[in-house]
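Listed here are the chains, written in short residue letters.
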Amino acid sequence: QVQLVESGGGLVQAGGSLRLSCAASGSIFSINAMGWYRQAPGKQRELVAAIFSGGSINYADSVKGRFTISRDNVKITVYLQMNSLKPEDTAVYYCNVKSSRYGQGPRIDYDYWGQGTQVTVSS
């Protein structure tokens, strides 16, 4: 019964900032990565930022220098600080957690998603 609950979306003018949060609960097992995806109207869902278990971080080229991803391993929460927002950042943002269960049998991979939070940036 893993759940990812997102918060922090809203309406902001170009150049403004928002901070998204995603809190996880339940038996998640071993987390491989936590990240944020977004889907704009008429567009495919794209990876925005990801932070991996080893600590490495990847950003989409379009958000480098503006967005910052971070995590709290104790609270199992991932954040996305979004600065200098542009109208093209307008999308529904989805939290994602990738995890694996290791045991005597085959490894089992899990892919969890938040409910999505709307970010709208006006020009």
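Data block above holds the structure.
Residues numbered from 1 in each chain as written. Predicted model: local features only at pLDDT ≥ 70, side-chain atom pairs only at ≥ 80, totals over all residues. Heavy atoms only, no water.

> Residue-level account of the packing of aromatic side chains, with values.
Under the definition given, this model contains three aromatic pairs. Where Tyr-110 meets Tyr-112, the ring centres are 5.9 Å apart and the plane angle is 5 degrees; that geometry is what we call stacked. Taken together through their ring pairs, the aromatic side chains of Phe-29, Tyr-110 and Tyr-112 make up a single cluster. Positioned over the ring face of Tyr-94 is Arg-45, at 3.9 Å from the centre of the ring. (Phe/Tyr/Trp six-rings, centres within 6.5 Å; stacked < 30°, edge-to-face > 60°. Lys NZ or Arg CZ within 6 Å of the ring centre and 35° of its normal.)

> An account of the sheet that holds strand 3 (residues 18-25) is requested, with residue identities and associated values reported.
Taken in spatial order, the four strands line up as 1-3-8-7 in an open sheet, and their pairing is antiparallel. Bordering the open sheet on either side are strand 1 (3-7) and strand 7 (67-72), each of which pairs with just one other strand. Ignoring strand direction, the axes of neighbouring strands in this sheet form an average angle of 15 degrees. The pairing of strand 3 with strand 8 (residues 77-82) spans six bridges and is antiparallel. In the strand pairing of strand 8, Leu-20 is matched with Leu-80. (Pairing = 2+ DSSP bridges. Helix = DSSP H or I, 4+ residues; strand = E, 2+ residues; numbered from the N terminus. Axes fitted to C-alpha atoms, helices over the stretch in contact; angles between N-to-C directions.)

> Before we move on, could you go through the state of the cysteines and cite the residues and values that matter?
Evaluation of the coordinates by the stated rule reveals one disulfide. Bridging Cys-22 to Cys-95, the disulfide has an S-S length of 2.1 Å. The sign of the -80 degrees torsion about the S-S bond sets the Cys-22-Cys-95 disulfide as left-handed. Of the two residues, Cys-22 is situated in strand 3 and Cys-95 in strand 9 (residues 91-101); the sequence distance between them amounts to 73 residues. Accessibility assignment for this pair places Cys-22 and Cys-95 in one class, buried. (Disulfide = S-S within 2.5 Å. Buried < 20%, exposed > 50% of the residue type's maximum accessible area, 1.4 Å probe, protein only.)

> Kindly report on the nonpolar core, identifying the contributing residues and their values.
Trp-36, Val-48, Phe-67, Leu-80, Met-82 and Tyr-93 are the most contacted members of the largest nonpolar core, which totals 27 residues. For this core, the elements supplying multiple residues, two or more each, are strand 3, strand 4 (30-39), strand 5 (46-52), strand 7, strand 8, strand 9 and strand 11 (117-122). The residues contacting Val-48, other than those within four sequence positions of it, are Trp-36, Tyr-37, Arg-38, Asn-58, Tyr-59, Ala-60, Val-63, Phe-67, Leu-80 and Tyr-93. (Core = buried A, V, L, I, M, F, W, Y, C linked by side-chain atoms within 4.5 Å. Contact = heavy atoms within 4.5 Å.)

> Which residues make up the pairing of strand 11, and what values do they have?
Residues Thr-117, Val-119 and Val-121 point to one face of strand 11 and are all buried, whereas Gln-118, Thr-120 and Ser-122, pointing to the other face, are not buried. Both strand 2 (residues 10-13) and strand 11 contribute to a ladder of four bridges, which runs parallel. For Leu-11, the partnering residue across the bridge sits in strand 11 and is Thr-120.

> Give me the environment of Ile-76: which residues, what numbers.
Summarising the element assignment, Ile-76 is placed in the loop between strand 7 and strand 8. Put simply, Ile-76 and Cys-22 are 54 residues apart on the chain and 8.5 Å apart in space, counted from C-alpha to C-alpha. If sequence neighbours within four positions are ignored, Ile-76 has contacts with Cys-22, Ala-23, Ala-24, Ile-28, Ile-31 and Met-34.

> Let's hear about the side chain of Thr-90: which residues, and what values?
One can find Thr-90 in the loop between strand 8 and strand 9. Of note is the side chain of Thr-90, whose polar atom sits 2.9 Å from the backbone oxygen of Pro-87. Within polar-contact distance, the side chain of Thr-90 engages the backbone nitrogen of Val-121 at 2.9 Å. Contact partners of Thr-90, with chain neighbours within four places excluded, come to Ala-40, Pro-41, Gln-118, Val-119, Thr-120 and Val-121. (Polar contact = N/O pair within 3.5 Å; in protein donor to acceptor, adjacent residues only side chain to side chain.)

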